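Here is how the chains run, residue by residue.
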Amino acid sequence: MKGTSIFGGVKVFTIFISIIRTKIIAVLLGPGGIGVLGLLNSTIVFIASLTEFGLKTSSIKDIAAANSTQNKTSIAVTITVIRRLVWITGVLGGILVLMLSPWLSQLTFGNKEYTLAFIWLSITLLFMQLTNGQLVILQGMHKLKLLAKANIYGSALGLVVTLPFYYIYGIDGIVPGIIGTSLVALFLSWYFAKGISIEKVKLSYTQTFSEGKNMLRVGFFISLSSLLTLGASNIVRIFISRIGNVEQVGLYTAGFAIINVYVGLIFTAMETDYYPRLSAVAHDNKLSKQNINKQAEIAILILSPILIIFLVFLNWVVILLYSKQFIAVSPMIYWAALAMFFKAASWPIAFIFLAKGTGKLFFLNELIANIYFLALNLLGYYFLGLTGLGLSFLIFYFLYLIQVYIITKIKFKFSYDSAFIRIFVLQFLLAMASFLTVKFLKSPYTYFVGGVLILISSWYSWNELDKRLDLKTLFRNIKNKF
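No experiment lies behind these values; they were computed from the predicted model shown. (Residues numbered from 1 in each chain as written. Predicted model: local features only at pLDDT ≥ 70, side-chain atom pairs only at ≥ 80, totals over all residues. Heavy atoms only, no water.)

### Regarding the overall build of the protein
The test is simple: A run of H or I in DSSP counts as a helix once it spans at least four residues, and a run of E counts as a strand once it spans at least two, with each numbered from the N terminus. The quantity called the radius of gyration is restricted to C-alpha atoms. Its globule counterpart is 2.2 Å times the number of residues to the power 0.38. Here's how the labels work: a residue is buried when its accessible area is under 20% of the maximum for its type, exposed when over 50%, partly exposed in between, all with a 1.4 Å probe on protein chains only. Only the protein chains shown count as covering a residue, and every accessible area follows the Shrake-Rupley method with a 1.4 Å probe. Think of it this way: Lys and Arg go in the positive column, Asp and Glu in the negative one, and His and the chain ends go nowhere. Taken as the charge location is NZ of Lys, CZ of Arg, CG of Asp or CD of Glu.
Of regular secondary structure, the protein possesses 16 helices and zero strands. Taking 2.2 N^0.38 as the reference for a compact globule, 482 residues should give roughly 23 Å; the C-alpha atoms of the protein span a radius of gyration of 22 Å, in line with that estimate. On the principal axes, the C-alpha backbone points of the protein span a range of 70 × 55 × 50 Å. Here the protein holds 482 residues, and the buried ones make up 56% of them. Just so you have it, the protein exposes about 21900 Å², and 69% of that area is on carbon and sulfur atoms. Here the protein holds 40 positive side-chain charges and 16 negative ones, and the gap between their average locations is 2 Å.

### Looking at the side chain of S415
Here is the rule we go by: Any N or O atom pair separated by 3.5 Å or less is treated as a polar contact, with the protein-specific requirement of one donor-capable and one acceptor-capable atom, and with residues adjacent in sequence counted only for side-chain atom pairs. Working rule for contacts: check all heavy atoms of both residues, and any pair within 4.5 Å makes them a contact.
Of note, S415 is situated in the loop between α13 (359–412) and α14 (418–440). For S415, a relative accessible area of 17% gives the class buried. A distance of 3.1 Å separates the side chain of S415 from the side chain of K289, its partner in a polar contact. The residues contacting S415, other than those within four sequence positions of it, are K289, N293, Y405 and K409.

### Here's the deal with the packing of aromatic side chains
The following threshold applies: Stacked, edge-to-face and tilted labels apply to pairs of Phe, Tyr and Trp rings (six-membered ring for Trp) whose centres lie within 6.5 Å, assigned for plane angles under 30 degrees, over 60, and everything in between, in that order.
Taken as a whole and judged by the stated rule, the model has 36 aromatic pairs. On the numbers, 5.2 Å between centres and 85° between planes, the contact of Y191 with F192 is edge-to-face. Residue Y191 is classed as partly exposed on the basis of its relative accessible area, which comes to 40%. Judged by centre distance (5.6 Å) and plane angle (35°), the rings of Y274 and W347 are tilted. Here W347 lies in helix α12 (residues 330–355) and Y274 lies in helix α9 (residues 265–280), a separation of 73 residues in the sequence. For the pair shown, Y274 and W347 are each scored as buried. Put simply, the rings of F341, F342, F398, Y405, F414, Y416, F420, F424 and F428 touch in pairs and so form one group of aromatic residues.

### Here's the deal with the pattern of salt bridges
Short version of the rule: Criterion for a salt bridge: a side-chain nitrogen of Lys or Arg within 4 Å of a carboxyl oxygen of Asp or Glu.
A complete count under the given rule lists five salt bridges for this structure. In this structure, the salt-bridge partner of K289 is D417, at a minimum N-O distance of 4.0 Å. Here K289, found in helix α10 (residues 285–312), pairs with D417, found in the loop between α13 and α14; they are 128 residues apart in sequence, far enough to count as distant. The class of K289 is partly exposed, set by a relative accessible area of 26%. Look at the salt bridges and you will find they share partners, linking E297, R422, E464, K467 and R468 into a network.

### Quick notes on the nonpolar core
Going by this rule: Take the buried residues of types Ala, Val, Leu, Ile, Met, Phe, Trp, Tyr and Cys, join any two whose side-chain atoms come within 4.5 Å, and each joined set is a nonpolar core.
Judged by nonpolar contacts, the single largest core of 151 residues is most densely connected at L40, Y322 and L389. Ranked by residue count, the leading element in this core is α12, at 20 residues. Sequence-distant contacts of L389, that is, excluding residues within four places in its chain, are made with V236, I240, Y252, F256, M332, N377, G380 and Y381.

### Focus: the side chain of T162
With respect to the element layout, T162 can be found in helix α5 (residues 144–169). Classification of T162 by relative accessible area gives buried; the value is 1%. In this structure T162 touches R21, G177 and T181, once residues within four positions along its chain are discounted.

This is the structure we're talking about:
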């Protein structure tokens, strides 16, 4: 909860900045501009995933392991290896985008008008990978306050730097805005990571690859998995732009930003602390099960009231975050919000594959999931439009939960505790009641009944969290300090 509160606060701040940025972009550029921004970003992230070898995730475990030994030489070797590897992979990514820019433009937009845009954006691949290299060092060394500062200042300065481009140049300001954001993030990650002093060690490049081969091996499967996920998402965006139009891509991007970014902040906040903590006990199936169940309970208890609030006040949320032009995305988000319950149940389990270093099993799990993710999304949009995408999102996470549960039960003897099952069922029933309320009741009855459901969910979550954390005493102590 401490880790969640720190990075939950950071994420709330970065989301606040993101809301301001998105609101201004929505007003200045409209759905078409957000569609172009989404397509450029998703393509760059796709190439980054292809060339980064999963170092952003795999290296955290190695750094944390070295740091736990308190062996300065071991720590220095690990960090030196990572810093060299991110340079190599970052340059590789930049060169790949530079060489493939005409093809990327044709594939993404159906023409070569964005070739120059991709040429300019190639430099961001290096910036992004160098930034990731600094941030994983902070996370692996458990320098959470410095990591939090890097994220907070990066969001604020990124907004200051990029918004003038959108205001002055409109859609033409998207590319310099992306470059500016990545450059700011790089500078701040370097600034906060430079305080970590390590011994100077001499390593040849042969030694570098020898020391880093394990993280590269695990990272390779993580990279393949990310590639599959991003590739599937990119295909969905391109499919929407072909069957529909760029405005539909903008609505799709905006809708899932609300779910995956604004609501999904809980997962991002928890992951920073949860992954290294689970890795520390991954050798013990019993301890792993305890950690997964506790994390799943906390995720549902925190997330449920937020999701029900989104369900009840969704139209107002969409207008606040974007504009009235984006109201058409609401039916999609209603279904996607329900899917987040199944994501909250499956998300803590899926980390066990990485924590145990079972790269091949992790990749196989994600490969199967991405196959039916893509199929469901294409079928959903083809037959039901944007609403179909929300429904396919719900079906996907329901199937994914069943999949990871069966695999981990067989391989690692995992099972849910009765306490988690009770919490999940009750909160999901409250969310379903909210969903039906919004669908079948009219204003003002929607807000009255929905408000009651929000209070019940919040009250239940508070009581359950208080049993685990003694929140009353905690807040009493905080009050006494002031």
